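# Architecture and fold: a report
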Amino acid sequence: MTKPHIKMTKDDHERLSRLASFATDRSPEVASFLADEVDRAKIVGHRACVSELVQMGCMVEFRDDATGKVQTVTLVYPGEADIEQGRVSVLTPIGAALIGLSLGQSMDWQTRTGTVKRLTILDVKVPEAV
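Notes on the structure follow. (Residues numbered from 1 in each chain as written. Predicted model: local features only at pLDDT ≥ 70, side-chain atom pairs only at ≥ 80, totals over all residues. Heavy atoms only, no water.)

A word on the packing of aromatic side chains. Counting across every chain of the model gives zero aromatic pairs. In this structure, Arg 15 is placed above the aromatic ring of Tyr 77, and the distance from its NZ or CZ to the ring centre is 4.1 Å. (Phe/Tyr/Trp six-rings, centres within 6.5 Å; stacked < 30°, edge-to-face > 60°. Lys NZ or Arg CZ within 6 Å of the ring centre and 35° of its normal.)

Written out as structure tokens, the structure is:
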């Protein structure tokens, strides 16, 4: 699978590293994928400096490159997830694939059923409160 260069803020890097460690018993495959993403990420400055970067709490518009379907989701921690409201947990395959990407980047990711998909980031909105 193709893995583009990714970045994370220091806060996201620290919290997601702990989350991946805690989740290894409950969701070993996704926790491992998230841990790999956290490990390979370049740590960057504060949120204001990286407005086109997918961070926790961001609203992300992306395209499924196979189908052309465009979706908008908010990337959240597991306890805040609500798929009906478009709030996707970072501890899901798609959530772990989104974190750290920047506007225009594409990423291959594997669904829970083993299907490999590719997504492309079309827009990132970082809320001021994040």
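Still to come is the rest of the account.
It is worth spelling out helix H1 (residues 10-22) at this point. Across its 13 residues, H1 extends 19 Å between first and last C-alpha, which sits within 8% of the 18 Å expected from 1.5 Å per residue. The complete set of buried residues in H1 reads Asp 12, His 13, Leu 16, Leu 19 and Ala 20. The buried residues of H1 occupy an angular sector of 135 degrees when projected down its axis, which confines them to one face. With respect to the buried face of H1, the exposed residues turned more than 90 degrees away are Lys 10, Asp 11 and Phe 22. (Helix = DSSP H or I, 4+ residues; strand = E, 2+ residues; numbered from the N terminus. Expected span 1.5 Å × (residues − 1). Buried < 20%, exposed > 50% of the residue type's maximum accessible area, 1.4 Å probe, protein only. Arc of directions from axis to C-beta.)

Treat this as a map of the structure, not an account of what it does.
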